[in-house]
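Now for the letters of each chain:
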Amino acid sequence: VQLQASGGGLVQAGGSLRVSCAADGLTFSNYGMSWFRQAPGKEREFVAGINWSGGRTYYADSVKGRFTISRDNAKNTVYLQMNSLKPEDTAVYYCATDLRTYYSTTWYYKTDEYDYWGQGTEVTVSS
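Notes on the overall build of the protein chain
Scanning the protein chain for helices and strands turns up 0 helices and 11 strands. Shown N-terminal to C-terminal, the secondary structure of the protein chain runs as helices and strands in the order β-β-β-β-β-β-β-β-β-β-β. Computed over its C-alpha atoms, the radius of gyration of the protein chain comes to 13 Å, within 12% of the 14 Å expected for a compact globule of 127 residues. Overall, the C-alpha framework of the protein chain stretches about 40 × 30 × 25 Å when taken along its three principal axes.

What about the pairing of strand 4 (residues 33-38)?
The buried count for strand 4 comes to 5 of 6 residues, which makes it a mostly enclosed element. Pairing analysis gives 5 bridges linking strand 4 to strand 5 (residues 45-50), with the strands arranged antiparallel. Paired with F36 across the bridge in strand 5 is F46. Connecting strand 4 to the antiparallel partner strand 5 that follows it, the hairpin turn spans 6 residues, and G41 within it adopts a positive phi of roughly 75°. Sheet topology places strand 4 next to strand 9 (residues 91-97); 5 bridges connect them, and they run antiparallel. Across the sheet, the residue bridging to R37 is Y93, located in strand 9.

Quick notes on the side chain of R66
On the secondary structure map, R66 appears in the loop between strand 6 (57-59) and strand 7 (67-72). For R66, a relative accessible area of 10% translates into the label buried. In contact with R66, other than residues within four places in its own chain, are Q81, M82, N83, S84, L85, K86 and D89.

Describing the state of the cysteines
Overall, the coordinates contain 1 disulfide when judged by the stated rule. Two residues, C21 and C95, share a disulfide whose sulfurs are 2.1 Å apart. Across the S-S bond linking C21 and C95, the dihedral sits near 65°, which makes this disulfide right-handed. Separated by 74 residues along the polypeptide, C21 in strand 3 (residues 17-24) and C95 in strand 9 bring together distant segments of the chain. No difference in accessibility class separates C21 from C95, as the two residues are buried.

Let's talk about the side chain of S20
In this fold, S20 is placed in strand 3. Apart from the residues lying within four places of it in its own chain, the contact partners of S20 are Q4, A5, S6, W35, T77, V78 and Y79.

Brief notes about the nonpolar core
W35, V47, F67, V78, L80, M82 and Y93 are the most contacted members of the largest nonpolar core, which totals 35 residues. Breaking this core down by element, the ones donating at least two residues are strand 1 (2-6), strand 3, strand 4, strand 5, strand 7, strand 8 (77-82), strand 9 and strand 11 (121-126). Look past the residues within four positions of F67 in its chain and what remains in contact with it is R37, V47, Y59, L80, Q81, M82, N83, L85, D89 and Y93.

Conventions used here
Residues numbered from 1 in each chain as written. Predicted model: local features only at pLDDT ≥ 70, side-chain atom pairs only at ≥ 80, totals over all residues. Heavy atoms only, no water. Helix = DSSP H or I, 4+ residues; strand = E, 2+ residues; numbered from the N terminus. Rg over C-alpha atoms; globule rule 2.2 N^0.38 Å. Buried < 20%, exposed > 50% of the residue type's maximum accessible area, 1.4 Å probe, protein only. Pairing = 2+ DSSP bridges. Contact = heavy atoms within 4.5 Å. Disulfide = S-S within 2.5 Å. Core = buried A, V, L, I, M, F, W, Y, C linked by side-chain atoms within 4.5 Å.

None of the figures reported here should be taken as evidence of function without further support.
And the structure:
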């Protein structure tokens, strides 16, 4: 399984950015996907998740109402639309999946529950 994240960059506070993650090596439409982030000096944390069909989404409280996760199963790609960005959103953003998300009706929020990770894309929000 290979995950390739892209779309990071520098944006001013209040701005928007969309990051993408292209997947290869799995039947993408059968698995859930998550985004995590890791700020300098902090642990990696869950940001958002989406189930295999796109019918269920999950968000950290810190991003609820500002970030939207979506997926295009025809393109094997998951997206994270980030609006109203704040300096505290500055981090490296990682996409992740795991075999346990196969048609899963529950969700997984811990980093050690995921075996497959993208390389990360850096998002910097200036004040």
